[in-house]
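If you want the building blocks of each chain, they are given just below.
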Amino acid sequence: MLDVCLLGTSGMMPLPGRWLTAMMTRLEGSSLLVDCGEGTQIAIREKGWSVNPVDTICFTHYHGDHISGLPGLLLSMGNSDRTRPVTMIGPKGLEKTVNALRVIAPGLPFQIEFIELSEKEQELEVNGYHIKAFRVNHNVTCYGYTITVPRGGKFHPELAKANEVPLKLWSRLQKGETIEQEGRVYTPDMVIGPARKGIKLTYCTDTRPVDIIAENALESDLFICEGMYGDHDKQKKAAEFKHMTMYEAARLAKKAEVREMWLTHYSPSMLHPEDYMKEVKKIFPDAHAARDKWSKTLDFVDEEEER
């Protein structure tokens with residue numbers, strides 16, 4: 001299971017009840033952040049979650065509303081006697097940017113490991129997460145992220161019998177072992193079927209709608225996407241400053257055939273995002289105007305349940 005919480009939904013500046021951009025996930029004792037805007041650690045505590053398990057932080061880009069909460073978060077983690085390292089992922093310039101912010105957070109009791117993205121698309125295995133970063137179209141280098149939790153195949157006794165696998169080996173093969181016995185090699189695929197659909201989460205802000213977003217969000221269980229503007233007369237402004245309207249985000253969700261979309265990263269001028277949802281839902285019915293601290297637990301879904 002993957003717990004997801006949208007900690008902050010505001011773009012550009014925080015508002016009462018609306019912190020700046022951040023999302024947090026929890027998986028088997030490990031927590032991951034995407035972006036860390038102002039108010040992130042407060043939102044985590046208000047949610048009742050903890051900053052201590054955060055061991056991976058991904059940045060879409062380095063505009064202030066996406067990284068301004070980092071120094072305070074690091075200080076809190078340091079003051080909690082944390083010693084485990086933190087892995088940070090982001091576009092080129094990550095280490096320089098973080099070290100500049102750390103002028104007010106020196107002497108941390110844990111190491112920071114940096115992974116700077118350089119490719120158009122890049123896949124990583126970090127702290128139990130399978131992460132794919134993909135470059136989008138903003139006025140600075142910016143990435144979206146897809147987080148997947150893979151799911152192995154189902155154990156099939158009839159397959160084991162057909163492959164003449166001794167009963168005493170079934171359990172070990174189920175756990176992924178390869179076993180050589182009496183001159184024969186037994187492999188997990190002799191008792192386990194093909195991999196099943198896992199969990200997929202896609203997060204994307206600060207970009208124009210480009211094909212690479214729909215390609216990477218394809219069939220996501222949850223698609224969290226920028227909906228900076230709701231008024232149609234803001235279309236020109238969205239294009240000029242490389243942002244998206246709610247309607248453009250909805251068309252991406254429809255194209256990607258996602259299960260559900262949460263809109264986020266609202267302009268400070270948009271005080272009531274829900275007012276635009278009737279029209280947005282005409283494009284993509286499972287769209288929602290997210291609010292701070294919205295959360296959801298994503299679980300594996302069997303093919304039979306999807307039908």
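What comes next concerns the included structure. (Residues numbered from 1 in each chain as written. Predicted model: local features only at pLDDT ≥ 70, side-chain atom pairs only at ≥ 80, totals over all residues. Heavy atoms only, no water.)

### Regarding the overall build of the chain
Right, so step 1: Looking only at helices and strands, the chain features 11 helices and 16 strands.
Right, so step 2: The C-alpha radius of gyration of the chain comes to 21 Å, within 12% of the 19 Å expected for a compact globule of 307 residues.
Right, so step 3: In terms of its C-alpha atoms, the chain occupies a principal-axis envelope of roughly 70 × 50 × 35 Å.
Right, so step 4: Classification of the 307 residues of the chain by burial places 51% in the buried group.
Right, so step 5: Considering only intrachain contacts with a sequence separation of at least 6, the fraction spanning at least 24 residues in the chain is 64%.
Right, so step 6: Here the chain displays about 14400 Å² of accessible surface, and carbon together with sulfur accounts for 50% of that area.
Right, so step 7: Charge centroids of the chain, computed over 38 positive and 44 negative side chains, lie 2 Å from each other. (Helix = DSSP H or I, 4+ residues; strand = E, 2+ residues; numbered from the N terminus. Rg over C-alpha atoms; globule rule 2.2 N^0.38 Å. Buried < 20%, exposed > 50% of the residue type's maximum accessible area, 1.4 Å probe, protein only. Contact = heavy atoms within 4.5 Å. Areas by Shrake-Rupley, 256 points an atom, 1.4 Å probe, with all protein chains shown as cover. Lys, Arg positive; Asp, Glu negative; His and termini not counted. Charge placed at Lys NZ, Arg CZ, Asp CG, Glu CD.)

### Quick notes on the sheet that holds strand S3 (residues 30-34)
Right, so step 1: Here 7 strands make up an open sheet; going across it, the order is S6-S5-S4-S3-S2-S1-S16 and the pairing mixed. A single partner strand is all that each edge strand has here, and the edge strands are strand S6 (112-117) and strand S16 (294-298). Neighbour-to-neighbour, the strand axes of the sheet open up by a mean angle of 15 degrees, direction not taken into account.
Right, so step 2: Note: strand S2 (residues 22-27) against S3, 5 bridges, orientation antiparallel. What sits directly across from methionine 24, in S3, is leucine 33.
Right, so step 3: Each of strand S5 (86-91) and S6 touches helix H4 (residues 94-101); the most contacted strand, S6, lies at about 140 degrees to it. (Pairing = 2+ DSSP bridges. Axes fitted to C-alpha atoms, helices over the stretch in contact; angles between N-to-C directions.)

### Brief notes about the pattern of salt bridges
Pairing between side chains becomes possible if they bear opposite charge and their charged atoms approach one another.
Right, so step 1: For the coordinates displayed, the defined rule picks out 10 salt bridges.
Right, so step 2: Put simply, arginine 259 and aspartate 221 hold a salt bridge, and the shortest N to O gap is 3.9 Å. Here arginine 259 is found in the loop between helix H9 (246-256) and strand S14 (261-264), whereas its partner aspartate 221 is found in the loop between helix H7 (211-217) and strand S13 (222-226), with 38 residues between them in sequence.
Right, so step 3: Taking relative accessible area as the criterion, aspartate 221 reaches 7% and is therefore assigned buried.
Right, so step 4: Salt bridges sharing partners connect three or more residues here, namely Lys197, Asp221 and Arg259. (Salt bridge = Lys/Arg side-chain N within 4 Å of Asp/Glu carboxyl O.)

### A look at the sheet that holds strand S9 (residues 143-151)
Right, so step 1: Pairing is mixed across the open sheet formed by 7 strands, whose spatial order is S7-S8-S9-S12-S13-S14-S15. Bordering the open sheet on either side are strand S7 (121-126) and strand S15 (287-289), each of which pairs with just one other strand. Across the sheet, the mean angle separating the axes of adjacent strands is 20 degrees when strand polarity is ignored.
Right, so step 2: Pairing geometry for strand S8 (residues 129-135) and S9, over 6 bridges, is antiparallel. Bridge pairing in S9 places alanine 133 opposite tyrosine 145.

### Things to note about the nonpolar core
Right, so step 1: By size, the foremost hydrophobic cluster in this structure holds 56 residues, and its most contacted members are Phe223 and Met261.
Right, so step 2: Among the elements that take part in this core, H9 stands out by supplying 7 residues, more than any other.
Right, so step 3: Discounting residues that sit within four places of it in the chain, methionine 261 has contacts with Phe223, Cys225, Ala249, Ala250, Ala253, Phe284, Asp286, Ala287 and His288.
Right, so step 4: Ranked by size, the runner-up nonpolar core spans 25 residues in total, among them Cys5, Ala43, Trp49 and Leu108. (Core = buried A, V, L, I, M, F, W, Y, C linked by side-chain atoms within 4.5 Å.)

### Quick look at the side chain of serine 267
Right, so step 1: Here serine 267 lies in the loop between S14 and helix H10 (277-283).
Right, so step 2: Here the side chain of serine 267 touches serine 269 through a polar contact of 2.8 Å, side chain to side chain.
Right, so step 3: With near-sequence residues (within four places) excluded, serine 267 lies in contact with Arg18, Met228 and Tyr229. (Polar contact = N/O pair within 3.5 Å; in protein donor to acceptor, adjacent residues only side chain to side chain.)

### Regarding unusual backbone geometry
Right, so step 1: Its identity is not glycine, yet methionine 12 carries a phi of approximately 75 degrees, on the positive side.
Right, so step 2: Assignment of secondary structure puts methionine 12 in the loop between strand S1 (2-8) and S2.
Right, so step 3: In this structure, glutamate 219 is a non-glycine residue whose phi angle is positive, near 60 degrees.
Right, so step 4: Here glutamate 219 lies in the loop between H7 and S13.

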